[in-house]
Each structure stands twice: as C-alpha cells, then as structure tokens.
Amino acid sequence: MIQNARVLREDWVPQELKHREGSLQHLSGELKPIVHGLGAEAILITGPSGAGKTTIAKYIVRQLEQEVLGIRWGYVNAISETSMSSVVFSLVRDAGRGNDLRAKGTPTGVMFDRLRHLDDHFIAIVDEVDVLDDDQTIQALWEIPNLTLILICVDDDDFFADLDSRVASRIRGAATVSLSKYQHEELVEILWSRINTGLASGVVDEEAVEYIADVAAGDARHAITLLRRAVREAVEKGDEKLTVQHVVPIREDAREEIHERHVDTLGTHQRHLYEIIKDASEIDASTLHARYEDRVADPRVRSTRRKYLQSLEHYKLVESSGSGRGRAYRFSEP
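Residues numbered from 1 in each chain as written. Predicted model: local features only at pLDDT ≥ 70, side-chain atom pairs only at ≥ 80, totals over all residues. Heavy atoms only, no water.

Engineer: So what's going on with the overall build of the chain? Residues and values would help.
Structural biologist: The helix and strand inventory of the chain stands at 15 helices and eight strands. With the principal axes as the frame, the chain shows a C-alpha extent of 55 × 55 × 35 Å. Burial status across the chain gives 51% buried among its 334 residues. Here the contacts in the chain between residues at least 6 apart in sequence split such that 70% fall between residues at least 24 apart. Taken as two groups, the 42 positive and 56 negative side-chain charges of the chain have centres that lie 4 Å from each other. (Helix = DSSP H or I, 4+ residues; strand = E, 2+ residues; numbered from the N terminus. Buried < 20%, exposed > 50% of the residue type's maximum accessible area, 1.4 Å probe, protein only. Contact = heavy atoms within 4.5 Å. Lys, Arg positive; Asp, Glu negative; His and termini not counted. Charge placed at Lys NZ, Arg CZ, Asp CG, Glu CD.)

Structure below.
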C-alpha cells in the first residue's frame, strides 16, 4: 500500500503547493530583491494552526535557494527556543557556521557576528515569533544587513499587542501574508495529492478521503495525521483498501497525537504552565501564577507568561474564560 512513507508526514514539503498560489506569488514578489543581490523587507505570515504557514515559508525559500546562488536559510520554532541565545544559535547552526560553538556558554555577540559575516544572504524563518522571551531578538536580527526575516504567528493582533513599541514600529511595515483555514474541497485535493504521491494506485476509497476532510475541518495538519493513522490501521489489519472503517477508530488517536506533538514542542516555562493547568483541571489566573512562581527557580515576568498562555490556547492545549482577576484556565482534553 505504501510507496513513499515520507509523504504521510505533516512536515513533508511537496513539490507543488495547492490552494496557496496567491500567497506564494506574494511571498515570491517580496523576496525578489534578493535575486538581484539586494535585501528584502521582513515578511509576517499569519493564520490558524494547520493553514500551511510553515510549509509555504519553507517551500518558497527552498525554491529560491534552488534558483539563486549565494542564499542560505535557517528555521527556528520559538515555542521550543524562546531565548535570544537559543534562537540565534539555531539559525547559526542552520547557516553552517555553528559547528565549533556550544548552545550554552557562547556569547550571543559571537553568534550574531557569524550571521553578520556570512558571504551569502541569509533568510531567517522564526516560527511562533509571538512567544519570544525578548523582543530585542527580532530587533537584533532585523539590523543585520544581509539577513531577511520571515516571521510566523497565529494572530498578528496578539503579536503586536505584546510587542515593544520600538520593535512594533518596524515590524508594522513588514509585508503580511494572511492565511485562512482550508475549505473542504481544498483539503480533499491536498489529501489526494499526497495519496497519489505516497500510496499505490486505487488503495484509498473516495468516501474515506471525504470523511477525513470533514473531521479535520480545514486543518491540513489534522487531515494528514488522520490519513497516516488510517493507513497504519489498514496495513496492520492486512487490508488492501483504506475505507471509512479504518478512519473512525483512529480519530481519537489522531487528536491525541497532535495534542502530544504540541506538548513536546513546548519550552521549559510553557510546559510548567501547561502541567499546572493540567494537574488542576481548572485554575484561576492568580493561583496559576503563584504555583508557577513556587515551582520555577527563574520565573519569567508576567507579560511573558501571558504570551506563553496565549500560545497554549492557540494550539488548544488549554482554554480560558473571564478577564483580568476573574480569568481562569482549563485543561483542554485532546
């Protein structure tokens, strides 16, 4: 049944991106100055989980790398790497200039110099940029002449609300690419594209694909996870065709996998907040912050914690209600 298992992974970047042609054209136009040896302005990509933000960023940069000499790029997810030093170290490593450096103990100035002294133009993709510990990370990267920033977040209003005014004034001038959830028929086509590339011909029932798209409700990541789990179910049963009957029993497993994948990406402080909420099932904001401060030796300031909690909500790990002192958080079951 399986001809190319990599195609069933949600982080696989296809040769052709369907239903994002307009966004890709926009991105390509914004990055065009690099083709002519010039710097490009920063780009902000926004949209809900599963809308393809990370995929289109990597797709367009890889395409540019194939077409133009003298380009390097790096990717970092700020959910896992929240500090300035960890973000810059990850980018330096992707640039191929960090083999002799240590993640801990190397001065950030040394890391920035490695990026600054690259002969090639460097494109830095910073995912989940709204949860960075220090806004000055963006400012410092912005000021490197041979570097172009692609910033990714779920909601630009939330991002700008917590951003230092000096940094915000610069980022507001960035080109913005806003993505929305996929329509049902778009998800169906995306699934068929993966099926045709990764599976043997005729092994997937059309009704199963329609059902997966219905369950995923516009979230491509969810849809691809469902497809992969259903394929595994069919293979383990020794069936020659994937049907709706293979999708139904794995729906909960797919949701739990996505939930756990999000949890696995959390940095130390986000995980502490998540675990406190999970252990309590429901907790008011004041008690949450008090327990966090008791639990952590070097607690982040409240404004940073609010960004962390916001990101937990974006990925449906927790829910909240109320506002101000009346705000409460609840653990969100997968």
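Engineer: Any details on a negative patch on the surface? Residues and values, ideally.
Structural biologist: A cluster of acidic residues, Glu206, Glu207, Glu210 and Asp214, forms a negative patch at the surface. Here Glu210 is to be found in helix 9 (residues 206-216). (Patch = residues over 30% accessible without salt bridge, like charges linked within 9 Å, V, L, I, M, F, W, Y side chains within 5 Å. Areas by Shrake-Rupley, 256 points an atom, 1.4 Å probe, with all protein chains shown as cover. Salt bridge = Lys/Arg side-chain N within 4 Å of Asp/Glu carboxyl O.)

Engineer: Could you give an account of the sheet that holds strand 4 (residues 147-153), with specific residues and numbers?
Structural biologist: The strand order across the open sheet formed by five strands is 2-3-4-1-5, and the pairing between neighbours is parallel. Since the sheet does not close on itself, it has two edges, and those belong to strand 2 (71-77) and strand 5 (175-178), each with one partner. Each neighbouring strand pair of the sheet contributes to a mean axis angle of 15°, computed without reference to strand direction. Against the sheet, helix 3 (residues 84-94) engages strand 2 and strand 3 (121-127), with an angle of about 145° to strand 2. (Pairing = 2+ DSSP bridges. Axes fitted to C-alpha atoms, helices over the stretch in contact; angles between N-to-C directions.)

Engineer: Tell me about the pairing of strand 7 (residues 318-321), residues and numbers included.
Structural biologist: Burial along strand 7 is one-sided: Val318 and Ser320 are buried, while Glu319 and Ser321, pointing the other way, are not. Relative to strand 8 (residues 328-331), strand 7 runs antiparallel, the two sharing four bridges. Each bridged residue has a counterpart across the sheet, and for Ser320 the counterpart in strand 8 is Tyr329. What sits between strand 7 and strand 8 in their antiparallel hairpin is a turn of six residues, with Gly322 showing a positive phi close to 80°.

Engineer: Could you give me a rundown of the packing of helix 13 (residues 268-280) against helix 15 (residues 302-314), with the residues and numbers involved?
Structural biologist: How two helices sit against one another is set out by the angle between their axes and by the gap between those axes. Two numbers describe how helix 13 lies on helix 15: the axes approach to 10 Å, and their chain directions differ by 65°. As for how helix 13 packs across helix 15, the hand of that crossing is right-handed. Touching His269, Gln270, Leu273, Tyr274 and Ile277 of helix 13 are Arg305, Tyr308, Leu309 and Leu312, all from helix 15. Tallied by class, the residues present in the contact of helix 13 with helix 15 amount to six nonpolar, two polar and one charged. (Left-handed = near helix turned anticlockwise from the far one by under 90°. Nonpolar A, V, L, I, M, F, W, Y, C, P; charged D, E, K, R; others polar.)

Engineer: Tell me about the nonpolar core, and name the residues and values.
Structural biologist: In this structure, Leu115, Ile138, Leu141 and Leu149 are the most contacted members of the largest nonpolar core, which totals 58 residues. Per element, the largest residue contribution to this core is six residues, and it comes from helix 3. If we skip the residues at most four places from it in the chain, Leu149 touches Glu41, Ala42, Ile43, Ala124, Val126, Ile138, Leu141 and Trp142. Residues Leu8, Leu191, Val209 and Val231 belong to the second largest nonpolar core, which totals 27 residues. (Core = buried A, V, L, I, M, F, W, Y, C linked by side-chain atoms within 4.5 Å.)

Engineer: Give me the lowdown on helix 3, citing residues and values where you can.
Structural biologist: Among the eleven residues that make up helix 3, eight are buried, leaving the element largely enclosed by the rest of the structure. By the burial criterion, the buried members of helix 3 are Met84, Ser86, Val87, Val88, Phe89, Ser90, Leu91 and Val92. Buried residues along helix 3 sit in contact with strand 2, helix 4 (108-116), strand 3 and helix 5 (136-142).

Engineer: Got a sec to walk through the side chain of Thr225? Specific residues and values, please.
Structural biologist: You can see Thr225 is positioned in helix 10 (residues 220-237). Among the residues examined, Thr225 registers a relative accessible area of 0% and is labelled buried. Among the polar contacts listed, one links the side chain of Thr225 to the backbone oxygen of Arg221, at a separation of 2.8 Å. (Polar contact = N/O pair within 3.5 Å; in protein donor to acceptor, adjacent residues only side chain to side chain.)

Engineer: Can you tell me about the pairing of strand 4, naming the residues and giving the values?
Structural biologist: Across the seven residues that make up strand 4, a large majority, seven, are buried. Going residue by residue along strand 4, you find Leu147, Leu149, Leu151 and Cys153 tucked away on one face and Thr148, Ile150 and Ile152 tucked away on the opposite face as well. In this structure, strand 1 (residues 43-46) lies alongside strand 4, joined through four bridges in parallel fashion. Looking across to strand 4, one finds that Thr46 is bridged to Cys153. Pairing of strand 3 with strand 4, which is carried by five bridges, proceeds in the parallel orientation.

Engineer: I'd like to hear about the pattern of salt bridges, residue by residue, with values.
Structural biologist: All told, the structure shown has 22 salt bridges when counted by the stated rule. The closest approach of N and O atoms between Asp11 and Arg9, which form a salt bridge, is 2.9 Å. The class for Asp11 is partly exposed, based on a relative accessible area of 43%. Looking at Arg9, the relative accessible area reads 42%, which means it is partly exposed. For the salt bridge of Glu189 with Lys18, the shortest nitrogen-to-oxygen distance reads 3.7 Å. Here Glu189 is found in helix 8 (residues 184-198), whereas its partner Lys18 is found in the segment before helix 1 (21-35), with 171 residues between them in sequence. Of the residues examined, Glu189 reaches a relative accessible area of 35% and is grouped as partly exposed. Among the ionic contacts, a cluster of salt bridges with common partners joins Glu10, Arg228, Arg229, Asp253, Glu257 and Arg261.

Engineer: Go over unusual backbone geometry with me, naming the residues and quoting the values.
Structural biologist: A positive phi angle, close to 55°, is found at Glu128, a residue other than glycine. The residue Ser281 is not glycine, and still its phi comes out positive at about 70°. Examined against the element boundaries, Ser281 turns out to sit in the loop between helix 13 and strand 6 (282-284).

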